[in-house]
Amino acid sequence: PGLTHSSTEFTVREHPVRVDLSLARARTNASIVFRSAAPPQAAGADAGWTDRLWLPAGVAYEVEHKESGRVICASQTFEAGQAPRVSLPDGALFAREVYVLRALPSAAVLASQCEFVCTGAPSQEVTLQVRRAPGTVRVSFVSHEFGSEHWAAPLKLPANVFFEVLHAESGALVYTGAAGESNEVDLPAEEAS
């Protein structure tokens, strides 16, 4: 159960004999897959559109042995991708032990974590769902003539301009709504990712 085989020789004597047997924990290997997780969905937005986005290179992570609280491995992803994968150093994990995998917060991703138990298999894959860091966007609608010498420059646009925001790379519908009386609206940060 998580230990390697070991043996030692000893001789039985007339008095009690103490026998110490050194046991080594079984080591195992693991690879980590980072997957993009969807934020809470906006009304009218494409379901799970962020699932299709690539995660950037440089997602920092650490692996902690849960019981001891010791960080045993810390690094970052080196490639961008829909599911960037990294391999932990050979033999860094003990079989049948519980670990905590954390993606560290940055300008690109939010903090996330999961627990996993090393199975003792020769290799194991652990998947961590990571959310992209949201941004804040203010959308303002102004007339084409605004700021010019045109006679219509001071006129306001009709209120409640309806608009949609599409993600440039994926074409996914991210937000749909009206701009209100002022034709200026702050998009919720989750929708401006």
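Quick look at the structure, then.

1. Notes on the overall build of the protein chain
Part 1: When helices and strands are tallied, the protein chain shows zero helices and 12 strands.
Part 2: Mapped from its N terminus to its C terminus, the protein chain presents α and β elements in the order β-β-β-β-β-β-β-β-β-β-β-β.
Part 3: Burial status across the protein chain gives 34% buried among its 193 residues.
Part 4: Taking the contacts inside the protein chain whose residues are at least 6 apart along the sequence as the reference set, 54% of them involve residues at least 24 apart.
Part 5: Summed over all atoms, the accessible surface of the protein chain reaches about 12200 Å², with 52% contributed by carbon and sulfur.

2. Focus on the nonpolar core
Part 1: Counting 21 residues, the largest nonpolar core has Ile 32, Phe 34, Val 63, Leu 88, Leu 93, Leu 101 and Phe 116 as its most contacted members.
Part 2: Looking at this core, the elements with two or more residues in it are strand 1 (27–37), strand 2 (60–65), strand 6 (98–103), strand 7 (112–117) and strand 8 (123–131).
Part 3: The contact partners of Val 63, leaving out residues within four places of it in the chain, are Ile 32, Arg 70, Val 71, Ile 72, Cys 73, Leu 88, Leu 93, Tyr 99, Val 100, Leu 101 and Phe 116.
Part 4: Of all hydrophobic cores here, the second largest spans six residues; its members include Tyr 175, Ala 179, Val 185 and Leu 187.

3. A short note on the packing of aromatic side chains
Centre-to-centre distance and the angle between the planes together describe a pair of aromatic rings.
Part 1: Applying the stated criterion across every chain yields a total of four aromatic pairs.
Part 2: An aromatic cluster is defined as three or more aromatic residues linked by ring pairs; in this entry it consists of Phe 141, Phe 163 and Tyr 175.

4. Focus: the sheet that holds strand 2
In any sheet, the strands associate via hydrogen bonds between backbone groups, in a parallel or an antiparallel arrangement.
Part 1: In spatial order, the strands read 3-2-6-7; together these four strands make up an open sheet with antiparallel pairing. Sheet topology places strand 3 (70–76) and strand 7 at the edges, where each strand pairs with a single neighbour. Across the sheet, the mean angle from the axis of one strand to that of its neighbour is 20 degrees, orientation sign disregarded.
Part 2: Here six bridges tie strand 2 to strand 3, and the two strands are oriented antiparallel to one another. Note on strand 3: the bridge partner recorded for His 65 is Arg 70.

5. As for unusual backbone geometry
Part 1: Phi at Arg 96 takes a positive value of approximately 65 degrees, unusual for a residue other than glycine.
Part 2: Along the polypeptide, Arg 96 turns up in the loop between strand 5 (93–94) and strand 6.
Part 3: On the basis of relative accessibility, which here comes to 52%, the residue Arg 96 falls in the exposed class.

6. A look at the side chain of Glu 62
Part 1: Its location among the elements puts Glu 62 in strand 2.
Part 2: In this structure Glu 62 comes out as buried when scored by relative accessible area, which is 17%.
Part 3: Here Glu 62 is in contact with Val 71, Cys 73, Ala 74, Val 100, Leu 101, Arg 102 and Leu 104, once residues within four sequence places are set aside.

7. A few points about the side chain of Glu 64
Part 1: Within the secondary structure, Glu 64 is located in strand 2.
Part 2: Not counting chain neighbours up to four residues away, the residues in contact with Glu 64 comprise Gly 69, Arg 70, Val 71, Ile 72, Val 98, Tyr 99, Val 100 and Arg 102.

8. Quick look at the pattern of salt bridges
Part 1: Taken as a whole and judged by the stated rule, the model has seven salt bridges.
Part 2: Close ionic contact of Glu 115 with Lys 66 constitutes a salt bridge, the shortest N to O distance being 2.8 Å. Of this pair, Glu 115 sits in strand 7 while Lys 66 sits in the loop between strand 2 and strand 3, and the two are 49 residues apart along the sequence.
Part 3: Where Arg 138 meets Glu 184, a salt bridge forms, and the shortest distance between an N and an O atom there is 3.7 Å. With Arg 138 in strand 9 (residues 137–140) and Glu 184 in strand 12 (residues 184–187), this residue pair connects regions lying 46 residues apart in the sequence.
Part 4: Glu 184 gets classed as partly exposed once you look at its relative accessible area, which sits at 37%.
Part 5: Each of Glu 62, Glu 64 and Arg 102 takes part in a single network of salt bridges with overlapping partners.

Rules of the game
- Residues numbered from 1 in each chain as written.
- Predicted model: local features only at pLDDT ≥ 70, side-chain atom pairs only at ≥ 80, totals over all residues.
- Heavy atoms only, no water.
- Helix = DSSP H or I, 4+ residues; strand = E, 2+ residues; numbered from the N terminus.
- Buried < 20%, exposed > 50% of the residue type's maximum accessible area, 1.4 Å probe, protein only.
- Contact = heavy atoms within 4.5 Å.
- Areas by Shrake-Rupley, 256 points an atom, 1.4 Å probe, with all protein chains shown as cover.
- Core = buried A, V, L, I, M, F, W, Y, C linked by side-chain atoms within 4.5 Å.
- Phe/Tyr/Trp six-rings, centres within 6.5 Å; stacked < 30°, edge-to-face > 60°.
- Pairing = 2+ DSSP bridges.
- Axes fitted to C-alpha atoms, helices over the stretch in contact; angles between N-to-C directions.
- Salt bridge = Lys/Arg side-chain N within 4 Å of Asp/Glu carboxyl O.

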